[in-house]
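The lines below spell out each chain.
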Amino acid sequence: MTNNYNPLLEMRNIRKDFFGNQVLTDINFTLNSGEILGLVGENGAGKSTLMKILFGMDIIKETGGYDGDVLIDGKKVEFNTPFDALEAGIGMVHQEFSLIPGFTVSENILLNREPKNPNFASELFGDRLDTLDYDQMEARAEAAIDKMGFSIDRKMIITNLPVGHRQFTEIARELSKEQLKLLILDEPTAVLTEKEAETLLQSIRNMAQNGIAVIFITHRLHEVLDVCDNVLVMRDGYVVKNVPAKETNVAEVTKMMVGRQVDTAASGSARDFSNSRNAMTIKKLWVDMPGETVRNVSLVVKEGEILGIGGLAGQGKLGIPNGVMGLYDAGGEVEFYDEPIPLNNPRKCLDASIAFVSEDRRGVGLLLDESLEWNIVFPAMQVQNRFLKKYLSGWITWRDEKSITNITNHYIEKLAIKCTSSKQKSRELSGGNQQKVCLAKAFSLNPKFLFVSEPTRGIDVGAKALVLDALKKFNRENGVTIVMISSELEELRQICDRIAIVSGGKIAGILPAEEPSEAFGMLMVSQVK
Amino acid sequence: MNEQITSERRMYRGAVQNAIKTFGIPRLIIAAFLLTLFIAAPLVGADFATQLTNTINRFSWNAILVLAMVPMIHSGCGLNFGLPLGIISGLLGGTLSIEFGFTGAMSFFMAIIIATPFAIIFGAAYGWLLNKIKGGEMMIATYVGFSSVSFMCIMWLLLPYKSPNMVWGLSGNGLRTTISVEGFYDKVLANFLQINLGKLSIPLGTLLFFALIAFLMWAFLHTKTGTSMTAVGSNPAFAKAAGVNVDKVRLLSVLLSTWLGAVGILVYQQGFGFIQLYMAPFYMALPAVSAILIGGASVNKASIANVVIGTFLFQGIVTMTPTVMNSMIHMDMSEVIRIIVSNGMILYALTRKMEG
């Protein structure tokens, strides 16, 4: 029944505003069956809003709907709920997993669409009491997994699966829907290792060959160019360009996304600190952080340097700062300028003027429902008694709203935080700007030593450059020793002086940042268990 | 041009929707209902000034009990369904003050003083318990409240009270269910600076006392400790990473809530004129909880304005419905409406509880 003259999906003059704030302006594009469209743009460019419109999410309707037309197979449609969209053959894999942890892969794939057998009870009380037909379920789950071209164990329980396989389970779930014509993948490779990402790209190609259209959203540009037929670049709610992937390259796309040249080359400005004082000495550290266990780490951080800690996901690099800062159970010895720091007590680290920017921005890093002011000054207020007015010889400590607003505005300006005012809630900011707030929070403590964990995770190229730059400046201008943990080696090589690679919960080696990537790559896999 | 008008209109519509959202649909409905009652009152022959006096009176009795919700909401312990624990501290304070022979204003002052150590002991145990079961506070709080009331039902009989003003007449031991505070602290606050304008009388003293406590609460939330309390409620992980002792702050909030419950019931008694023992505290948490919710608070955010607005609306309905409804349909609907409003409001708020 597919009409050959009409594209599978056409979006015409889509406009959307949130209370007068224009987020999408005149979006036009078409997508044919079997085509892969890469959707790229900085955070806040409007990608997710566009997909929410396509998928009929409630938020769009609640905020006054949208203008323009969505056409499927040449017919105008308007989805009021995601169910309408599912009905029309649109599937979406979200960034966050929506799987039931205790169920098997097959059960998750066919959830609520299980093949069923009627039985005595269901004859009486309706089909909700049908028994599940497990043989059929396995068969259908298998078919869906085959379609994907990547094999996962159908009988495994989700909790026992590696993260990558969970992602594949989600995709298989969408593929198992027979009416599926269009699949939206929102940053599917963000949690995958490189090997898994490669497999995913291959399976996207397979799907396209089977006639399914795919919209692929990601920050990893080389993947887009690798797998997509067309690339749709968005910026500030406009489509900047829609080009065939063959006719462009990463540099060009990056430039279109941010509207300016982004310097991605390694700086090669690594400095030598071997004669400096020891700022922090870590001996035999173990940290019990789920998924990021640290087994035995000994490490010396020199005063004034930027030390990078890299490694594959799950090898324990994130456990190091979280353990030292007392957020997870830890043991071992940590000395800061020859003074021992007790573990498992965040306050003691803060008192010693060590600050931490957590990788879990929304969970640990921010007070989502409070103003930027609170977010930025809270630790300084609690730990250092700053931004307070004292009355009755210190018995009453009153928030000094004026100095709080001043310092917040100072950081808003310095870090170019995009917001309506210092009173705006941090929840309302985009990922990149939230990260800047987290940095400002750490900066406002005036620390001597700063742990920064995954500062660029999930933020776009432009914001990434600004964040890295701010860190570098903070190190150079204030002489602050920085330990930066990141999964992106290139980013570490860009700003660090030395890079330590963690593998299997131990330090596999420390190399100067100018060493070639291959040397680091070898270290990363050296102790993997 | 046309486009601009639509966009402007949409903006306007958005702003109105936003305003309704911030004010809250339930609050809007209840306020409208109360307004209707005030308008209808003279039509069915009820005297407006008397009605208003009653409403203000009841507001002054209940406001501090509602205020007792605020600290625990701020620290993320949820709605204080364990308010009866605070009330029991207040009852102990009140009865002991009478037992020790204090009279007049002194008995009220001493009641608060005596209630304080009980509030601290009970609150500490209650807070310790709530720190053990983070995430399920409200459920546990409800049962803490209920079981403490039942336990005290036994104690009121067994404790060696001797004052003839309070014990059962025949046996001479065990406290009576209702004890008059006449001659002790009956209306000590209400009669202070009372304003009388014809039929309208305003218990200015009680209102001032509430204003004082509310001001202290407001001020507390502006201090360093108060700020940490709000942050703990907003995101405990953030507060922990910022070096705040989360358990300690939560414990403090429970202590404050419990103490405010104790003071609240004493203020209630001085207005109402009686100490009610045994099962009376059992249901006292629900009206307070629903009042603050009507005032626009949520499970994890509350302000002093929420307390004032909520108490006024809730008590307004409680006072107005009997007179207006009864004269209209000659049937006692007021209790039914009160229960629907209070429980419905709690149910509504719990369904709207934000995740995490």
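Note that this is a predicted model, so its numbers are computed, not measured.

## A look at the overall build of chain A
Within chain A one finds 19 helices and 24 strands. Rg of the C-alpha trace for chain A: 25 Å, near the compact-globule value of 24 Å for 529 residues, within the 12% margin. In terms of overall dimensions, chain A has a C-alpha envelope of 75 × 55 × 50 Å along the principal axes. Within the span of chain A, comprising 529 residues, buried residues form 44% of the whole. When contacts within chain A are restricted to residue pairs at least 6 apart in sequence, long-range pairs at least 24 apart make up 66% of them.

## A closer look at unusual backbone geometry
All names here are of chain A. Within the chain, F387 stands out as a residue other than glycine whose phi angle is a positive 60°. Take F387: it is sitting in the loop between α14 (372-384) and β19 (388-391). Although it is not a glycine, E454 sits at a positive phi angle of roughly 45°. Since 22 C-beta atoms lie within 10 Å of it, E454 is described here as buried.

## Here we look at the domain arrangement of chain A
Looking at the assigned domains, one finds that chain A contains domain 1 (1-89 + 179-258), domain 2 (100-177), domain 3 (269-353 + 448-529) and domain 4 (367-446). Once you take the C-alpha centre of each, domain 1 of chain A and domain 4 of chain A turn out to be 37 Å apart.

## Side note on the packing of α14 of chain A against helix α15 (residues 401-414) of chain A
Residues and elements named next belong to chain A. Contact geometry of α14 with α15 gives a least axis separation of 9 Å together with a crossing angle of 100°. On the basis of the axis angle, α14 is roughly perpendicular to α15. Note on element contacts: α15 touches α14 through I404, T405, I407, T408 and Y411, opposite L372, E373, I376 and V377. Residue classes in the contact of α14 with α15 are distributed as six nonpolar, two polar and one charged.

## Observations regarding the sheet that holds strand β11 (residues 230-235) of chain A
All names here are of chain A. Here six strands make up an open sheet; going across it, the order is β6-β9-β10-β3-β11-β12 and the pairing mixed. Every interior strand has two partners, whereas the edge strands, β6 (90-93) and β12 (238-244), have only one. Across this sheet, the average inter-strand angle for adjacent strands is 15°, counted without regard to direction. With six bridges connecting them, β11 and β12 associate as antiparallel partners. The partner of L232 across the bridge, within β12, is N242.

## What to know about the confidence of the model for chain B
In the predicted model, chain B carries a mean pLDDT of 86, and 92% of its residues have values of at least 70. Both confidence scores are given for the complex: pTM 0.72, ipTM 0.81.

## What to know about the pairing of strand β21 (residues 449-453) of chain A
All names here are of chain A. Here β21 lies mainly inside the structure; five of its five residues are buried. Taking every second residue as pointing to the same face, both faces of β21 are buried, with F449, F451 and S453 on one and L450 and V452 on the other. Note: strand β18 (residues 354-357) against β21, four bridges, orientation parallel. Residue pairing across strands places F356 opposite F451, the latter belonging to β21. In this structure, β21 lies alongside strand β22 (residues 481-485), joined through five bridges in parallel fashion.

Parameters at a glance
Residues numbered from 1 in each chain as written. Chains lettered and ligands numbered in written order. Predicted model: local features only at pLDDT ≥ 70, side-chain atom pairs only at ≥ 80, totals over all residues. Helix = DSSP H or I, 4+ residues; strand = E, 2+ residues; numbered from the N terminus. Rg over C-alpha atoms; globule rule 2.2 N^0.38 Å. Buried ≥ 20, exposed ≤ 12 C-beta atoms within 10 Å, placed from the backbone. Contact = placed C-beta atoms within 7 Å. Domains from an automatic or database assignment. Axes fitted to C-alpha atoms, helices over the stretch in contact; angles between N-to-C directions. Parallel < 35°, antiparallel > 145°, perpendicular 65-115°, else oblique. Nonpolar A, V, L, I, M, F, W, Y, C, P; charged D, E, K, R; others polar. Pairing = 2+ DSSP bridges. pLDDT = per-residue confidence, 0-100.

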